[in-house]
Amino acid sequence: SEVSNEYECIFTLFRNPYSRLVSSYFYLKQGGQCPPDENDADKFVHPFDSFSDFVLNGLEQAIGHEQIHFLPQSYWITDSNGEYFIDKTETTCDFKSLTKWISESVNGNIGQYFTNTSSHKKCNHSYDSFQIIEKVRDTYFQDITFYKNI
């Protein structure tokens, strides 16, 4: 994506790529929150028996079709040369810090924050083989590298 010079400040909340993938999978598996999510769930998630099956046999297709929940986070925050164009990055672990920084940047209080939690098991229960971990690591290598350096 290209960013116009009209923006004064660009920030992002960057999630752990491993937990983000699990969350995205179960979000769509449960139908998402709108008709496009339901359609994408039917197309990209429901054909597979499990998270592992999806990672091994469906993840690349979902990314290739630019399914927004499975695109690497770096897709959204890098320019056409692969350079990051953000001013501030926080992880989900430090959401309060990002909220405070945004409030200070706009000279006001942006209010309460919320969390969007789901009922699926924690991330580490979904990665049941080294093959799955390796596939995700290779697929989201740029995101994992960026996340480690935040």
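Residues numbered from 1 in each chain as written. Predicted model: local features only at pLDDT ≥ 70, side-chain atom pairs only at ≥ 80, totals over all residues. Heavy atoms only, no water.

S.K.: Teacher, can you tell me more about the packing of aromatic side chains here?
M.R.: A ring pair, where both rings are aromatic, is described by two values, the distance of the centres and the angle of the planes. Following the criterion strictly, the structure yields ten aromatic pairs and no others. A centroid spacing of 4.9 Å and a plane angle of 45 degrees characterise the contact between Phe 54 and Phe 70, whose relative ring orientation is tilted. Remark: Phe 70 occurs in the loop between α4 (59-64) and α5 (74-77) and Phe 54 occurs in helix α3 (residues 51-57); sequence separation between them is 16 residues. You can call Phe 70 buried: its relative accessible area is 0%. In textbook terms, an aromatic cluster arises when at least three aromatic residues are bridged by ring pairs, as seen for Tyr 18, Tyr 25, Phe 26, Phe 48, Phe 51, Phe 54, Phe 70 and Tyr 127. (Phe/Tyr/Trp six-rings, centres within 6.5 Å; stacked < 30°, edge-to-face > 60°. Helix = DSSP H or I, 4+ residues; strand = E, 2+ residues; numbered from the N terminus. Buried < 20%, exposed > 50% of the residue type's maximum accessible area, 1.4 Å probe, protein only.)

S.K.: I'm lost on the environment of Asn 16 in this one. Help?
M.R.: With respect to the helices and strands, Asn 16 occurs in the loop between β1 (11-14) and α1 (17-29). You can call Asn 16 partly exposed: its relative accessible area is 25%. C-alpha separation for the pair Asn 16 and Lys 148, spaced 132 residues apart in sequence, amounts to 8.8 Å.

S.K.: I would appreciate a short explanation of the nonpolar core in the present structure.
M.R.: Where a protein is soluble and globular, its nonpolar side chains tend to be buried together. Membership of the largest hydrophobic core comes to 21 residues, with the highest contact counts inside it found for Leu 21, Phe 51, Phe 54, Val 55, Leu 59, Phe 70 and Tyr 140. Every element with two or more residues in this core is listed here: α1, α2 (35-45), α3, α4 and α7 (130-139). Of the residues forming this core, the biggest block, four residues, is contributed by α1. In this structure Tyr 140 touches Pro 17, Arg 20, Leu 21, Leu 59, Ile 63, Phe 70, Leu 71 and Pro 72, once residues within four positions along its chain are discounted. By size, the runner-up hydrophobic cluster in this structure holds six residues, among which are Ile 10, Phe 14, Phe 85 and Ile 86. (Core = buried A, V, L, I, M, F, W, Y, C linked by side-chain atoms within 4.5 Å. Contact = heavy atoms within 4.5 Å.)

S.K.: Explanation requested: helix α8 (residues 141-148) in the structure shown.
M.R.: Residues spaced three or four apart along an α-helix point in a common direction, a consequence of the helix completing one turn every 3.6 residues. Among all positions in α8, only Asp 143, Ile 144 and Phe 146 are buried. Buried residues of α8, viewed axially, fall in a sector of 165 degrees; they line one side. Exposed residues lying more than 90 degrees from the buried face of α8 are Phe 141 and Lys 148. Buried-residue contacts for α8 involve β1, α1, α5, β2 (88-91) and α7. (Arc of directions from axis to C-beta.)

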